[in-house]
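# Understanding the architecture of this molecule
The primary structure of each chain is shown beneath.
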Amino acid sequence: MVDQRTDERCEAYGTASLEPDGEVVAGSYCTWTVTYTVGELGMDDGSTLKFAANMSSDWGRPQFDDPSADNYATVETSGDASVDARWDTDGYVRPLKDTITIDVYDGALAPGDAITLTLGETGGGCLGHQAQSFPEEDFELVVLVDAFESGEPVPLPEPLTFDVVSGSANQLRAFAPSNAESGDEVTVRVRAEDYWGNTAARYEGRLRVEGEALDSPVTVTASEGLAIADVVLAEEGVHRLRVADADRSDLETTTNPVRCGHDDARPTYWGDIHGQSGETVGTGTIQRYFRYLRENAHLDFGSHAANDFQITDEFWNTIQEQVREHHDPGTFVTFLCYEWSPNTSVGGDHNVYFKGDEAEIHRSSSWQIADGYEKHEGTYPVSELYAVYEDRDDVLIIPHQGGRPAVLDDLDPELTPFVEITSVWGIFEWFGQEALERGYEVGFVGGSDDHTGRPGASYPTNTADWSFPIKGPVMAAKAEDLTRDALWESFTERRVYGTTGARIFLDVRVDGTPMGGETKVEEDPAVDVTVNGTAPLRQVDLFRGPDPIESRSFADDDDLIEIMWTGARSKNRHKVQDWSGALNLSAGRIVSAEPVGFDHPNQGIERATDTTIEWDGATAGNYQGLRLRLDAPEDAKLRIATEPVTTTIPVDSLDDELTFADGPVGRQLSVRRAGTSSTFDIDRTFRDEGATAGRHAYYVRIRQDDGEMAWSSPVFVDVE
């Protein structure tokens, strides 16, 4: 039954319809027709009609100029007026900021007149309008009418909606515990993913799990894109199990390394404690958010970190309820959290975590939940936030570099045991190094900051400015067991590390003291590093504070030319640096070219010939590049052209690595001879023979052949 007030508003403001309104596959191209029928009030000369979408969506940006290009849209009216449309990324209220605004001019529209918007008009050669690249039930277009040229649009009672669903299976991902004992049952969890990294919910293949440590293969059937297989590892060692579709040769993968029978003092657990749902500025409900962490991302622990100025009292109660409901010690552990979200000038983004599942929220402001002058009221600047929670042993405050980059002023080391140095916004290792330079003793972690309903397993969004340019990172915690108490202890002791998403096992010790710990040595600290990778290891770098002091490469030869670029455009919200470019070989030919580190499926090599390569690339602190095999004479030259760096290099000059720096945020291009690596596992000792007396922080950075990375938390060492 239609509510009487809703019916009256429709009569006054008009109605809207969408065709088709059924399911659409994520990332596919479609044509939609939106029809708005003018209500009893009419629409004045100068009035506007808006269609607003969530700013987290990466659906195609409508354009009204080129009929042959993607996302071409048209607008027309049956009334006695003219209409024009434009795309506006700041056209309404957060999170509904992405809008199509239609202007009515040179006349007025009468009740019953229609405005028709066609998204993805294909008559001129356009493929259609691209749907967002991640699933969402009830993707919304909110319709807003300003009938009087007042500047105050009024939303219609019901938004236009359709469902975005995942596509067919394109690849498999498999996960296993990082630690196990010989003879114990181990659970292998598998996720089928579509082209965009979503769980391929319609996949139901037969999967075979096998490995040398298994007495016999195990076969299971996937349901809704997910599968679980219980296996027994009969041998001690480091094992990676192969998972393959029994009927499709293109679907196979390998689990992360499982350390079976090793004397690890504490098991390694995996989590993502940073992201938010559609109740604030993300996608989907908080219930689905926690289910995805556990059932799709296959993580051990997680948290929900919503922007505080959007958290109503009612939603804060819901967050606490969901943290309690999804908490299952021994299987999946939840933490209560909110994101303290003021402007950078008064502190920037800090996530506030609680050991318990009930707490009072101290918002930075009430900007989107209060009225009038009360909007500004809250706890700020950051010194006030730390003062509120001073001397609490059940609260952690973690700064991060997201929409509002955090500053490190007033940090309380008792409340901040680690900082986040990578998320979907990019890699900001410089942030952790700045903390060490200031004398803060903090660990390093990764967190996705997912907005797309895929926490713990998020992928880059398909936006023109690459707002979220890399895959969602995760963090590891070395804890006695999978409980809140044990994980909280590992957090406060800095027994944590971060990766770009791969579940790389990492252990770093100085004189037997594990990462996060403190120790004393007489001289020449020895740093023991154990790595079990998910792909061949490329390089291990040892840092003393912010300074790299030793690097070890694990490439087997030097028959390739490696061209890598990295860095960010700035330290602010929009960090992405465009590295799209081309190269040309003056003589000889390019035998092969392997792209490295291109997380987004629409980035990578665009065109290649025997002598030229063109690519689309961008970084925000991450690494991208190419590995080339050349058949070229000694006097051949390689010309590389990108926006930040353009250079010409004689091929015979590459006995040493050549680095071309351009910019203050680690922005550089390097060219060197390199080879391939077959080393997945290392146990190495670094010795810092140049260490002076004093206190030093030692950490390592891992780079794999596939571009995945990991960072240990530092060990803090007094050299006497």
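Structure's up top.
In this report, we go over the structure that sits alongside the text. (Residues numbered from 1 in each chain as written. Predicted model: local features only at pLDDT ≥ 70, side-chain atom pairs only at ≥ 80, totals over all residues. Heavy atoms only, no water.)

## Section: the packing of aromatic side chains
Counted according to the given criterion, the structure contains 23 aromatic pairs. Seen from their ring centres, Trp316 and Tyr338 are 5.8 Å apart, and the 85 degrees between their planes marks the pair as edge-to-face. Of this pair, Trp316 sits in helix α3 (residues 313–326) while Tyr338 sits in strand β26 (residues 333–340); the two residues are 22 residues apart in sequence, bridging distant segments of the chain. You'll find Trp316 and Tyr338 in the same group, each marked buried. Every member of this aromatic cluster is reached through a ring pair, and the members are Trp32, Trp59, Trp87, Phe139 and Phe162. In this structure, Arg552 is placed above the aromatic ring of Phe686, and the distance from its NZ or CZ to the ring centre is 4.3 Å. Positioned above the aromatic ring of Tyr623 is the side chain of Arg703, whose terminal nitrogen or guanidinium carbon lies 4.0 Å from the ring centre. (Phe/Tyr/Trp six-rings, centres within 6.5 Å; stacked < 30°, edge-to-face > 60°. Helix = DSSP H or I, 4+ residues; strand = E, 2+ residues; numbered from the N terminus. Buried < 20%, exposed > 50% of the residue type's maximum accessible area, 1.4 Å probe, protein only. Lys NZ or Arg CZ within 6 Å of the ring centre and 35° of its normal.)

## A look at the side chain of Gln132
Checked against the element boundaries, Gln132 lands in the loop between β10 (129–130) and β11 (136–146). With a relative accessible area of 1%, Gln132 lands in the buried category. Polar side-chain contacts of Gln132 include one of 3.1 Å to the side chain of Glu136. Apart from the residues lying within four places of it in its own chain, the contact partners of Gln132 are Ala26, Gly27, Ser57, Asp58, Trp59, Phe139 and Val164. (Polar contact = N/O pair within 3.5 Å; in protein donor to acceptor, adjacent residues only side chain to side chain. Contact = heavy atoms within 4.5 Å.)

## Overview of the side chain of Ser670
Considering the arrangement of structural elements, one finds Ser670 in strand β51 (residues 668–674). Exposure remark for Ser670: the relative accessible area of 9% places this residue in the buried category. Within the local environment of Ser670, its side chain forms a polar contact with the side chain of Glu657, the two groups lying 3.5 Å apart. When residues no more than four places from it in sequence are discounted, the contact partners of Ser670 are Glu562, Ile563, Met564, Glu657, Leu658 and Thr659.

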